Structures are given as C-alpha cells and as structure tokens.
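Residues per chain are reported as follows:
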Amino acid sequence: MKIIELTVIADKNCPTSRTYLIYLASIGYRVRKVLLVNFLWKVPEAFRYWSWLGPHVRSAITQKQKASEPQFSTEFKKLCDILQDHVEIPIDYFSTFDYSKYAEEVEATTAINFLDEDFHKKLLKQQTKTFLYTNGGRVPGVLLKNHELTFIHVHPGVLPDVRGSDGLFWSILVRGRPGASCFYMDEGIDEGKIIHSKEFRVPSLIGLCSGAEDRYSLLYHALLFAYDPHLRGMVLRDVMQNAAIGDLSKLRAEPQDFSLGKTYTSMHEGLRNKVIEKISSCASGKTVD
Amino acid sequence: MSYETSVECMLKLEVNFAADHLTANVFNTEAFLANLNWQNLDECEVAVLSKLCRKVEISHHLFSRYSSDFNKPETDELLAIQHLEFFCGLCFWIAETRADMQFLNCGLKMLDGVLIEQSVPVNDCLLDWANHLLETIN
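Computed from a prediction, not measured in an experiment: that's the story for all the values here.

Focus: the overall build of chain B
If you tally the helices and strands in chain B, you get 6 helices and 2 strands. Scaling as 2.2 N^0.38, a compact globule of 138 residues should have a C-alpha radius of gyration of about 14 Å, and chain B matches this with 14 Å. Reported as C-alpha extents along the three principal axes, the dimensions of chain B are approximately 40 × 30 × 25 Å. The buried share of chain B, taken over its 138 residues, is 52%.

Structure representation (structure tokens):
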C-alpha cells in the first residue's frame, strides 16, 4: 500500500474516522499516522480547579481518564445496517477496529477537546503536520493560524452553499440532495478554501419511516452515524486519488464566494422530521452519484 | 393558511412605532423591530434579522440593545415579550415569502423554548402558522 503523508486525528468513538481509512484503503492507500483520541469533552468532574493545576499534572490526569463508551440499541444497529445496504463499502461500526491495518503508526492519547493545550503540544510534535480532522469540537484559531499546521476537513454539504451544522439535512432540504466538500480549515465556520465538492443521490429510506416519533429520532442519528460518513469517505477518496502522493498541504483549492450560501445552525426536530419524510418517499437506491 | 391570514397574523403581532433604532454605537432591537415595514423588507433588514436569528440560536438570548456591530449586548435587559412574539412572526413571514428555511428553523426553535429566561407566549396564530409552514415543505 502507498503511504499518504497525513495524520488522521481519529476520535475513538466517531464512525467517520474508520470510514475515511477504509475508503482510502480501497484505492491502495494508508496514512502515515493515526492519532487515536479519546475525547473527554469536559474537564474531569472531580477537578474543580483545573486551570490552577500545572500542565504536567493536568496532562497526567487527562491521560488516565476514560470517555464513556457509547451504547447502541439493537434497533439502532439494525437500522445502521439497513442504511448501509446501498453504500459502496458497508462498514462494521460496532466492533473493535484495528487502526494499525490502515496506518504506518497509531498513537493513542486522551484530550478534553481541541481547546486542550496539552493536545496542542501533541499536535505540534507530530512529524506529519497535515491533519485530517474527524471530530472533537471547534478547532481554535491558535492552531488554525499556525503556518506549520494544516487541517483538512470533509464537511457534509456542498460549500459554499451549505455551511454549519446538520449539513446532511440542510443539503437535502435546500438543495434536494446530500453533498460533501473537502476543504482546508480556517478560522471561519466551514469557510476555508475548497479542494473538492460532490453531490449524491438521496438515500433510500423506503419502509424505514414508520411514523412513530422515536423512530424519526433513531433514523436521524442512524443517518449521521452510518450514512453520512460514507459520503465524506467518497469525497476524501476522490481528493487523494487526484492528489496522488503530493504535498497534501498544497493542493489546488478555491476560495469561497461568501455572497453565496448560508451558515446553518442545528436543525429543529420538526424540520428534521420533514426531511426524513421527504427522503422516505424517494426511491433512488444507490448513494453513489 | 392563506397569504391574507399570514398578513392578518402579522398585523396582530405588530408593535408600535418607536424612536430611531440605531444611535452612534448602539443597536436598539425593539425600535428596529417596531419600525420595520415588514411587508416590504429590504436585503439589509433581512440581514439584520438573520443576525438576530443567530443570537437566538447560539446565545439563546435576545437583548433589547446590542453594540452596533452586534458583537455584544449593551444591556442586561431582555427583549420585551411583545417584540419577541413579533420577531417570531417575522421569522415565519420571511420563511413564507422568501422560502428561507433558516428563518423557519429559528421561529420553530423560539416556539419550542430555545431562549433562556424568555419565552414566546403560546399564540394560536403562530402555532397554526408554524404547522402550516411545516406541512407545505415538499
């Protein structure tokens, strides 16, 4: 397998990380490194005076913490499997994943989120400083402004039209189809230079939307968990296929036209349910365009 | 729900004309809303309303005055209930007349109680309007 000079910041509990790696492997690529992060999301509760502790103490405490393991119902797992009936490479999202098959090196670490200064130090120490973002909250300006570091992200929406949260659902609502865009992250929300964008056919949800309120919520989460990562994986694969093994921090990228599009916030449940109903009556089948 | 019913709903929610909304450094939310010619909104006004939507959705508060660049509130005083109700109606109005789903999203969240320490009173006209807008999405 060919090596891509990329460090994947893989959230241990996020399905997107493994999807990226599997899609890259499908074209014969593995990445230089996976930084497998156990994101805690908040300061450990027992430490009220967190900021008073020295960096070494903080780091030692953080590394000993464990994020709670996500629990998935049987119904959710079944739904995720059904959603993957039509994807190009179905992925097992619920078993332990062997990252070492997809990367030259795997390093496990723990961080609160991207605001964690000890985590910043860890990123600065990496040999390959072109990172693929997968999850972990907003990346602070101090990292994005650092010219030594490059962050690549695949956003679930066609940029510049659909920026912000719930991109998959806003794309279907306002553009009639889902999409994904690979871009270089900058300080704005999804405002960086665009490397590649692609739109897809709507997924088939026929028979999955029974009308019960909790079913909508389950479908919403299942779409984000087991469908959306495939669109991103395919876009990333396109990018890497076109880039060959060049310098990933210097890919051809176009600045966004800010007069176009909107930065959306999280979608209200009522609207989300309408999107689910809308795609429940579409019979497009394959997700690949 | 017909266009006339939407107009009727907005007329019920209208608030009285107030003094100028923008002084040297302060944006007066209540005066801005009160002075709006909502049946004939221009792009600048819609852009300001969009910024207010972001305040609702991100900070979960709507204050009666902001700095002119909208970066910070200039007071602790929250937007009065009748203005809040009118703003919610405006969101639906823009969603209906401009097919702007972002405003529908904001209006729905306001009705659902996204604001902390403030709430849009239960108003049948707004609830019917929200349901109508959701039903007409295709």
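Focus on the confidence of the model for chain B
Residue and element names in this part refer to chain B. Taken over all residues, the pLDDT of chain B has a mean of 88, while the share at 70 or more is 93%. Model confidence for chain B, summarised as mean pLDDT per element, is weakest for helix α1 (residues 3-13) at 81 and strongest for helix α5 (residues 101-111) at 96. Model confidence for the complex is summarised by a pTM of 0.87, with the ipTM given as 0.86.

Details of the state of the cysteines
All names here are of chain B. Inspection of every chain in the model, using the stated rule, returns 1 disulfide over all chains. Across the disulfide, Cys9 is cross-linked to Cys125 (sulfur-sulfur distance 1.7 Å). Between Cys9 and Cys125, the S-S torsion sits near 115°, and that sign places the bridge as right-handed. Placement of Cys9 in helix α1 and of Cys125 in helix α6 (residues 124-135) is noted, with a sequence separation of 116 residues between them. For Cys9, a relative accessible area of 2% corresponds to the buried category.

Brief notes about the pairing of strand β4 (residues 130-133) of chain A
Residues and elements named next belong to chain A. The alternating pattern of β4 places Thr130 and Leu132 and Phe131 and Tyr133 on opposite faces, both of which are buried. For strand β1 (residues 2-11) and β4, the ladder comprises 3 bridges, and the chain directions are parallel. Looking at β4, one finds that Val8 is bridged to Leu132. Judged from the 3 bridges that link them, β4 and strand β5 (residues 150-155) form a sheet pairing that is parallel. Counted as the bridge partner of Phe131 is Phe151 from β5.

A word on the interface of chain B and chain A
If you look at the interface, chain B gives 15 residues, while chain A gives 14 residues. Summed over both sides, the interface of chain B with chain A buries roughly 1200 Å², with 60% coming from carbon and sulfur. Counting across the interface, chain B meets chain A through 1 salt bridge. The shortest N-O distance in the salt bridge between Lys262(A) and Asp100(B) comes to 2.8 Å. Our count for the chain B to chain A interface comes out at 9 residue pairs in polar contact (both at pLDDT 80 or more). Looking at the side of chain B that touches chain A, the elements that each hand over two or more residues are α3 (43-59), α5 and α6 of chain B. Of the residues assigned to the side of chain B that touches chain A, the class counts are 6 nonpolar, 3 polar and 6 charged.

Quick notes on the packing of α1(B) against helix α4 (residues 81-98) of chain B
Residues and elements named next belong to chain B. It is at 9 Å that the axes of α1 and α4 come closest, and there the two elements cross at 160°. Taken together, α1 and α4 sit at an angle that is classed as roughly antiparallel. Crossing of α1 against α4: the hand is left-handed. On the side of α1, the interface is formed by Tyr3, Ser6, Val7, Met10 and Leu13, while α4 contributes Gln82, Glu85, Phe86, Gly89, Leu90, Trp93, Glu96 and Thr97. Split by residue class, the contact of α1 with α4 holds 7 nonpolar, 4 polar and 2 charged.

A few points about the environment of Glu77(B)
Residues and elements named next belong to chain B. In this structure, Glu77 sits in the loop between β2 (65-67) and α4. For Glu77, a relative accessible area of 42% gives the class partly exposed. Distance from Glu77 to Trp129, taken between C-alpha atoms, is 29 Å for residues 52 residues apart in sequence. Those residues in contact with Glu77 that sit more than four places away from it in its chain are Glu30, Phe63, Ser64 and Arg65.

Points about the environment of Leu35(A)
Residue and element names in this part refer to chain A. Checked against the element boundaries, Leu35 lands in strand β2 (residues 29-39). Residue Leu35 is classed as buried on the basis of its relative accessible area, which comes to 0%. Separated by 183 residues in sequence, Leu35 and Leu218 place their C-alpha atoms 30 Å apart. Apart from residues lying up to four places away in sequence, Leu35 is in contact with Thr7, Val8, Ile9, Ala10, Glu107, Thr109, Phe119, Lys122, Leu123 and Gln126.

Procedures and definitions
Residues numbered from 1 in each chain as written. Chains lettered and ligands numbered in written order. Predicted model: local features only at pLDDT ≥ 70, side-chain atom pairs only at ≥ 80, totals over all residues. Heavy atoms only, no water. Helix = DSSP H or I, 4+ residues; strand = E, 2+ residues; numbered from the N terminus. Rg over C-alpha atoms; globule rule 2.2 N^0.38 Å. Buried < 20%, exposed > 50% of the residue type's maximum accessible area, 1.4 Å probe, protein only. pLDDT = per-residue confidence, 0-100. Disulfide = S-S within 2.5 Å. Pairing = 2+ DSSP bridges. Contact = heavy atoms within 4.5 Å. Buried area = accessible area lost by both parts, 1.4 Å probe. Salt bridge = Lys/Arg side-chain N within 4 Å of Asp/Glu carboxyl O. Polar contact = N/O pair within 3.5 Å; in protein donor to acceptor, adjacent residues only side chain to side chain. Nonpolar A, V, L, I, M, F, W, Y, C, P; charged D, E, K, R; others polar. Axes fitted to C-alpha atoms, helices over the stretch in contact; angles between N-to-C directions. Parallel < 35°, antiparallel > 145°, perpendicular 65-115°, else oblique. Left-handed = near helix turned anticlockwise from the far one by under 90°.

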